Amino acid sequence: MPRALNTLTLSDARQMLVAGEAEAVRIGIPYNIAVVDAGGTLIAFVRQDGALAGSVDLAIGKARTARMFDKSTATLAGLAQPGGPLFGIEQSNDGQVVIFGGGLPVRMGDQIIGAVGTSAGSIEQDIAVAEAAAAAISATATSQGD
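Remember, it's a predicted structure, so these values are computed and weren't measured experimentally.

**With respect to the packing of helix 1 (residues 10-27) against helix 5 (residues 123-135)**
- Relative to each other, helix 1 and helix 5 sit at 145 degrees, their axes nearing to 7 Å. Where helix 1 crosses over helix 5, the two elements pack in a sense that is right-handed. Taken together, the residues of helix 5 that come into contact with helix 1 (itself represented by Met16, Ala19, Gly20, Glu23, Ala24 and Ile27) are Gln125, Ala128, Val129, Ala132, Ala133 and Ala134.

Next up, the structure:
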């Protein structure tokens, strides 16, 4: 019997981008923000005027990484330290894993429906922008990825 797959929609992604952009404006740094669906495929991306070009791939990579491993990229970074249980994970998946904070799986109830990735500021700022984006889609969706 086929199962239903819940995923972020383009409408969800647009709402998330607007909220993420607003947080970036509040912080005062132009941001790159990426949203992927439940399968890890890019739905939407925004590069605010003046955002670092080198952060484009990082934002997309953080979103995909958060979805691939169903954990925040900040959590993965901690687990990937020397001696940690996931040491070297950033070398997996043809080196496409990004483990700087700023990538969050997005959940609705118990199901992960996509992820968001942000890049341009400090790790703390990237996390704040990602959290603002994830919080935008509904009161039932959360960004807790651990």
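**Remarks on the pattern of salt bridges**
- With the rule as written, the count across this model stands at three salt bridges.
- We note a salt bridge from glutamate 23 to arginine 26, for which the minimum N-O separation is 2.8 Å. Here arginine 26 and glutamate 23 lie together in helix 1, a separation of three residues that amounts to about one turn.
- Glutamate 23 sits in the buried class, given a relative accessible area of 15%.
- Residue arginine 26 is classed as exposed on the basis of its relative accessible area, which comes to 60%.
- Close ionic contact of aspartate 126 with lysine 62 constitutes a salt bridge, the shortest N to O distance being 2.8 Å. Of this pair, aspartate 126 sits in helix 5 while lysine 62 sits in helix 2 (residues 56-69), placing them 64 residues apart in sequence.
- The exposure class of aspartate 126 is buried, given its relative accessible area of 2%.
- Classification of lysine 62 as buried rests on a relative accessible area of 1%.

Cut-off values and rules
- Residues numbered from 1 in each chain as written.
- Predicted model: local features only at pLDDT ≥ 70, side-chain atom pairs only at ≥ 80, totals over all residues.
- Heavy atoms only, no water.
- Axes fitted to C-alpha atoms, helices over the stretch in contact; angles between N-to-C directions.
- Helix = DSSP H or I, 4+ residues; strand = E, 2+ residues; numbered from the N terminus.
- Left-handed = near helix turned anticlockwise from the far one by under 90°.
- Contact = heavy atoms within 4.5 Å.
- Salt bridge = Lys/Arg side-chain N within 4 Å of Asp/Glu carboxyl O.
- Buried < 20%, exposed > 50% of the residue type's maximum accessible area, 1.4 Å probe, protein only.

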